[in-house]
Amino acid sequence: MTKRQLAIITSVVMAFCVGCTGKGNTPENEKTTRRNDIPIDTALRSRLEDFGSKPRPEGKFAFHVYDITADKPVYGVNDSLALPSASCMKLLSGIAGLHLLGCDYHYWTAIFLRGNVASDGTLKGDLAFKAGLDPQLLAPDLGEFAKVVRKKGVKRVGGKVYVDLTINEPVKSEEHWYPWDLTFSKYGLFYKGSDKVAKALKASLRGNGIAVADSQIVFKPTTRDFRCLYVSRRQIGEVIKRMWKNSSNTQATAMLYTIGNKVNPKGNPVTSGVDYLRKFLVEKLALTDSSLVVHDGCGLCTYNRLSPIALTSVLRFGYEDPRIRKMLEQHLAVAGVDGTLAREMTGGLTRGKIKAKTGTLSHPYGISSLAGLCEGANGHVLAFAIMDSEMSVLDARVLQRRLCEALVRPAKDKK
């Protein structure tokens, strides 16, 4: 073997050995190294500095922008200041709920039967109606369940009608909600209390030609000897859409109930749900600031306090999960296009480019917030949050528009 051949073989062996050591070459390390090497847009930072330093109306003001692509903060003003969140609280309850329950979670409602149907149409046995926490099922929807029973030939129930509910008490106002904030009539049937569910079920059965007496209704669990006749399912995305795009307080409160029932089926769903959201901030987002306050899942409570950094942290957590990211992209309101942003930021610079959750309370003083996602001029995904309080809502919305314009403005545009 010549010296040249020996040298070639030696270099190949050494290269192989170095490749096998794994130092700095694990996929995670490579990912971290690549991500840490991605620079933020300095032109964007300059625009944000300019935005933050300009004169503005009196009131509390804070914002934060985070570059998700580069995994670095870009800029903020008062970004750790905890302020009333209004409906941006729905980002926390929605993303925490999707993480806990899963993006493929379904609400389901079913009707069961046991026994046999006699030739005269009398059910020699019992019916059972089992309800979860579907927040969009209304009293008229029970007709579908009754029709299935009628198609089985049932004209009269000989035994009992079991009503098996997840919650029996109607939703009540949180102590700091203003009484005009929430129209309880807009809640789904299962959030109006057991008496109204039973009344609606009886009316539906009777309306479809099935005789049942008031005395036959009992509130008991469904047992295994019942056989299922019909199941209605609702995908969690339908609830998230109304929560975020349309800022539905009823759907967000239902999500809190769903979270609470999941983590503690025997406890108070509201208390358990709020406890979970608080733990989510600490355990999943490492936000331990005691000034952050969670009282509900919808944001109606004026005592709720989140910071711009807390909101961008929630968004970043959701974006890192591909399934939740899809929910964010599909169900946040789009500037100038739909939802609560349909009439906001309709100009060519921002229309269709901002996906965000709005938050507005006009009492006891102006509270307005906006948090969401957009693509910067350099193609990076940005998470942002701007919060204003003790300020006119109209003035706050001007500031929100100006921030969003700064986020998406092309680099060559110096305005």
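The coordinates are above.
Just so you know, these numbers come straight off a predicted model, no measurement behind them.

About the thresholds
Residues numbered from 1 in each chain as written. Predicted model: local features only at pLDDT ≥ 70, side-chain atom pairs only at ≥ 80, totals over all residues. Heavy atoms only, no water. Axes fitted to C-alpha atoms, helices over the stretch in contact; angles between N-to-C directions. Helix = DSSP H or I, 4+ residues; strand = E, 2+ residues; numbered from the N terminus. Parallel < 35°, antiparallel > 145°, perpendicular 65-115°, else oblique. Contact = heavy atoms within 4.5 Å. Nonpolar A, V, L, I, M, F, W, Y, C, P; charged D, E, K, R; others polar. Pairing = 2+ DSSP bridges. Expected span 1.5 Å × (residues − 1). Buried < 20%, exposed > 50% of the residue type's maximum accessible area, 1.4 Å probe, protein only. Salt bridge = Lys/Arg side-chain N within 4 Å of Asp/Glu carboxyl O.

*Asks:* Would you mind showing me how to read the packing of helix α8 (residues 249-263) against helix α9 (residues 269-284) here?
*Replies:* Each packed pair of helices is defined by two parameters, the angle between the axes and the distance between the axes. Put simply, α8 and α9 touch, their axes get as near as 7 Å, and they point 90° apart. Our classification of the angle between α8 and α9 gives roughly perpendicular. Contacts from Leu256, Tyr257, Ile259, Gly260, Asn261 and Val263 in α8 reach Pro269, Val270, Ser272, Gly273, Val274, Tyr276 and Leu277 in α9. Looking at side-chain class alone, the contact of α8 with α9 contains 9 nonpolar, 4 polar and no charged residues.

*Asks:* Whenever I open this one, the sheet that holds strand β10 (residues 354-361) confuses me. Can you help?
*Replies:* Across a sheet, paired strands are connected by hydrogen bonds in the backbone, their directions being either parallel or antiparallel. Here 6 strands make up an open sheet; going across it, the order is β2-β1-β12-β11-β10-β9 and the pairing antiparallel. With one partner strand each, in any of the chains shown, β2 (72-77) and β9 (333-334) form the two edges of the open sheet. In terms of strand pairing, strand β1 (residues 60-67) meets strand β12 (residues 381-389) through 8 bridges, oriented antiparallel. Residue valine 65 lies in a different strand from β12, and its bridge partner there is phenylalanine 384. Lying on the sheet, helix α10 (residues 308-320) is in contact with β1, β11 (367-375) and β12; it crosses β12 at an angle near 150°. Across the sheet, helix α12 (residues 393-408) is in contact with β1, β10, β11 and β12; its angle to β11 comes to roughly 15°.

*Asks:* Looking at this model, I keep getting lost on helix α6 (residues 194-207). Mind explaining?
*Replies:* Residues spaced three or four apart along an α-helix face the same direction, because each turn holds 3.6 residues. In this model, α6 (14 residues) spans 20 Å end to end at C-alpha, consistent with the 20 Å of a helix rising 1.5 Å per residue. By the burial criterion, the buried members of α6 are Ser194, Val197, Ala198, Ala200, Leu201, Lys202, Ser204 and Leu205. Those residues of α6 that are buried lie in contact with β4 (122-131), α5 (142-151), β6 (161-165) and β7 (217-218). With its phi angle positive at about 80°, glycine 209 sits one or two positions after the end of α6.

*Asks:* Would you explain the environment of proline 265 in this entry?
*Replies:* Structurally, proline 265 can be placed in the loop between α8 and α9. For proline 265, a relative accessible area of 59% gives the class exposed. C-alpha of proline 265 to C-alpha of isoleucine 167: the two residues are 98 residues apart in sequence and 9.8 Å apart in space.

*Asks:* Would you mind going over the pattern of salt bridges with me for this structure?
*Replies:* If the charged atoms of two oppositely charged side chains come close together, the side chains can form a pair. Counting across every chain of the model gives 15 salt bridges. With its nearest N and O atoms 3.9 Å apart, the salt bridge here joins arginine 316 to aspartate 71. One end of the pair, arginine 316, is in helix α10; the other, aspartate 71, is in the loop between β1 and β2, with 245 residues separating them in the sequence. The partly exposed category is assigned to arginine 316, whose relative accessible area is 27%. Ionic pairing is found between arginine 278 and aspartate 275, a salt bridge with its closest N-O pair at 3.7 Å. Placement of both arginine 278 and aspartate 275 in helix α9 is noted, with a separation of 3 residues, approximately one turn of the helix. Since its relative accessible area comes to 39%, arginine 278 is described here as partly exposed. The class for aspartate 275 is partly exposed, based on a relative accessible area of 33%. Look at the salt bridges and you will find they share partners, linking Arg114, Asp126 and Asp225 into a network.

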